[in-house]
Amino acid sequence: MARSGARRPLLPVLGAVRGDLFGEPPTLDEARAQLGGPWIGGPDIGSVVRVVGGAVERVGVVVHATPTDRDVWIGAGRVQRVEPARLVPAEASAEHDAIVADARLHASLSVGDEVSFEGEDGAWADGVLVEKLRFGALVGVAGAEHGKVVAIGFRRIAPREAGPAS
């Protein structure tokens, strides 16, 4: 994932759970739930597909897959869970390129990997992937904030590059 270019959108769900209501960050269980629960992985991640058989057909990118369902990013941070039978391959467009790359990169990460992540302030920091989730990860922060765990959406995390985070 390139660190230059436009800032990636934040997942709006985390603050709404607890932070907006109580002025506190979400608990780990709340963060896990908001990031879709445990990572299972599977086929088709990063595929551009059309969701058919509903009131509205949408084109999106598979960001998570299990034997029984696919989570399809359909835009603006929204994910639709559908049965594989409702998906057909679609023509990829430039608007999908970043999501495809981010989904495949996230799929390649494993618990224990050293990663860099973009914080809410836009600055990059380093850490270790503690728990991989459907739409992101829990990351143990390196350095001065040792012991702190943050919830990061899959679009804001990458393998740690040589040298300090930029």
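Relevant structure appears above.
I will try to describe carefully the structure that is included in this document. Here the structure is a predicted model, which means the values were calculated and not measured.

Let us now look at the overall build of the protein chain. Secondary structure assignment for the protein chain yields three helices and 10 strands. Moving toward the C terminus, one meets the helices and strands of the protein chain in the order α-α-β-β-β-β-β-α-β-β-β-β-β. Within the span of the protein chain, comprising 166 residues, buried residues form 40% of the whole. Considering only contacts in the protein chain between residues 6 or more positions apart, those separated by 24 or more positions represent 54%. For the protein chain, the accessible area works out to roughly 8600 Å², and carbon and sulfur atoms hold 54% of it.

A few words on the sheet that holds strand E5 (residues 87-89). Spatially, the five strands line up as an open sheet ordered E4-E3-E2-E1-E5, and their pairing is antiparallel. The open sheet terminates on both sides in strands that have one partner only, identified here as strand E4 (78-82) and E5. Put simply, the sheet's adjacent strands are angled 45 degrees from each other on average, direction ignored. Bridge analysis of strand E1 (residues 48-51) against E5 gives three bridges, and the strand direction is antiparallel. Residue pairing for E5: Val 51 is matched across the bridge by Leu 87. Relative to strand E2 (residues 58-65), helix H3 (residues 94-108) is tilted by about 10 degrees, and along the sheet it contacts E1, E2 and strand E3 (70-75).

Here we take up the pattern of salt bridges. Summed over all chains, the structure comprises nine salt bridges. Close ionic contact of Arg 32 with Glu 131 constitutes a salt bridge, the shortest N to O distance being 2.9 Å. Here Arg 32 is found in helix H2 (residues 28-34), whereas its partner Glu 131 is found in strand E7 (residues 124-133), with 99 residues between them in sequence. Taking the relative accessible area as the measure of exposure, Glu 131 reaches 22% and is therefore partly exposed. Across the pair Glu 114 and Arg 160 runs a salt bridge whose closest N-O atoms are separated by 3.3 Å. Highlighted residues: Glu 114 in strand E6 (residues 114-118) and Arg 160 in the segment after strand E10 (157-159), separated in sequence by 46 residues.

Pairing in this open sheet of five strands is antiparallel, and the strands run E9-E8-E7-E6-E10 from one edge to the other. Looking at the sheet topology across the chains shown, the edges are occupied by strand E9 (149-153) and E10. The sheet shows a mean angle of 45 degrees between the axes of neighbouring strands, taken without regard to direction. Taken together, the three bridges between E6 and E10 define a ladder with antiparallel strand orientation. Along E10, the bridge assignment pairs Val 115 with Pro 159.

About the cut-offs
Residues numbered from 1 in each chain as written. Predicted model: local features only at pLDDT ≥ 70, side-chain atom pairs only at ≥ 80, totals over all residues. Heavy atoms only, no water. Helix = DSSP H or I, 4+ residues; strand = E, 2+ residues; numbered from the N terminus. Buried < 20%, exposed > 50% of the residue type's maximum accessible area, 1.4 Å probe, protein only. Contact = heavy atoms within 4.5 Å. Areas by Shrake-Rupley, 256 points an atom, 1.4 Å probe, with all protein chains shown as cover. Pairing = 2+ DSSP bridges. Axes fitted to C-alpha atoms, helices over the stretch in contact; angles between N-to-C directions. Salt bridge = Lys/Arg side-chain N within 4 Å of Asp/Glu carboxyl O.

All quantities given are derived from atomic positions and should not be read as evidence of function.
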